[in-house]
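Architecture and fold: a report
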Amino acid sequence: MMKYYVLIKGSKPLAFPPICPFTGEPMPSAWVTLKHIGNVRYSLIWLLLGHLKNTYNKASLKVKASAGFAKLYRTVQAMKWISLLGGIGVTVILLELNSKSPNPSAIPFLGILGALVGSAAFKAYGFILIKKCHISNISCEHIEVCFASEDYASSFCKLNGLEYEARR
């Protein structure tokens, strides 16, 4: 399956086609913020000295999306944190009840396990949701955005004076 990559240089305002890149619905009225954090790079010299070269880069991009998709994506992002905090809260309550019990057990720590599994599941679902349009690579000078649709990528490039590249 071909994907279409657009290299955005600088921080100029961007224009978006009147189609949601995630659902294909016309005239999107909401916004979804895509975020990406850069990676740690390994260098032989830094490894020999016992250090890693941390090239921590952050990028975000607001993309026009349909109202239903934007609401779903925000809900999934919130549920990721709610499940994590809820699992920690359940663990604290179970630890308190367990300390008063004559037979203490390891069951309270299942709350932490449930929190981690739930949070990971919502994070994976969020990744699946934005798979059609996401930030694929960042550096100090540019952001590379990946689109699943060639029509959307070409329309986006025409509106902003950019070029796209098709890759597998």
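Owing to the predicted nature of the structure, the values given are computational and were not obtained by experimental measurement.

Details of the overall build of the protein chain
When helices and strands are counted, the protein chain shows four helices and eight strands. Relative to its 168 residues, the protein chain shows a buried fraction of 33%. Contacts in the protein chain between residues far apart in sequence, at least 24 positions, make up 73% of those at least 6 positions apart. Of the roughly 11,000 Å² of accessible surface on the protein chain, 64% is carried by carbon and sulfur atoms.

Examining the nonpolar core
Of all hydrophobic cores here, the largest spans 30 residues; its most connected members are Phe22, Val32, Leu34, Val63, Phe69, Phe147 and Phe156. Among the elements of the structure, β1 (3-9), β2 (30-37), β5 (58-65), α2 (67-99), β6 (133-138), β7 (142-147) and α4 (150-160) are those that each provide at least two residues to this core. In contact with phenylalanine 147, not counting residues within four places along its chain, are Lys3, Tyr4, Val6, Lys132, Cys133, Tyr152, Ala153 and Phe156.

Notes on a nonpolar patch on the surface
Residues Val90, Ile93, Leu94, Leu97, Ile107, Leu110, Leu113 and Val117 make up a contiguous nonpolar surface patch of roughly 730 Å² in combined accessible area. Among the elements of the structure, α2 and α3 (110-129) are those that each provide at least two residues to the nonpolar patch. Ranked by residues supplied to the nonpolar patch, first place goes to α2 with four residues. Its place among the elements puts isoleucine 93 in helix α2.

Notes on the packing of aromatic side chains
Under the definition given, this model contains seven aromatic pairs. An angle of 80 degrees between the planes, with centres 5.8 Å apart, marks the rings of tyrosine 4 and tyrosine 164 as edge-to-face. Residue tyrosine 4 is located in strand β1, and its partner tyrosine 164 is located in strand β8 (residues 164-167); the two are separated by 160 residues in the primary sequence. Between phenylalanine 16 and tryptophan 31, the aromatic rings sit 5.9 Å apart at their centres with planes inclined by 80 degrees, giving edge-to-face as the arrangement. Within this pair, whereas phenylalanine 16 is found in the loop between β1 and β2, its partner tryptophan 31 is found in strand β2, the two being separated by 15 residues in sequence. Ring-pair connections join several aromatic residues into one group, and the members of that group are Phe16, Trp31, Phe147, Tyr152 and Phe156.

Focus on the side chain of lysine 3
In this fold, lysine 3 is placed in strand β1. Among buried Asp, Glu, Lys and Arg side chains, lysine 3 stands out as unpaired, with glutamate 144 the closest opposite charge at 11 Å. If sequence neighbours within four positions are ignored, lysine 3 has contacts with Lys131, Cys146, Phe147, Glu165, Ala166 and Arg167.

Calculation rules
Residues numbered from 1 in each chain as written. Predicted model: local features only at pLDDT ≥ 70, side-chain atom pairs only at ≥ 80, totals over all residues. Heavy atoms only, no water. Helix = DSSP H or I, 4+ residues; strand = E, 2+ residues; numbered from the N terminus. Buried < 20%, exposed > 50% of the residue type's maximum accessible area, 1.4 Å probe, protein only. Contact = heavy atoms within 4.5 Å. Areas by Shrake-Rupley, 256 points an atom, 1.4 Å probe, with all protein chains shown as cover. Core = buried A, V, L, I, M, F, W, Y, C linked by side-chain atoms within 4.5 Å. Patch = residues over 30% accessible without salt bridge, like charges linked within 9 Å, V, L, I, M, F, W, Y side chains within 5 Å. Salt bridge = Lys/Arg side-chain N within 4 Å of Asp/Glu carboxyl O. Phe/Tyr/Trp six-rings, centres within 6.5 Å; stacked < 30°, edge-to-face > 60°. Lys, Arg positive; Asp, Glu negative; His and termini not counted.

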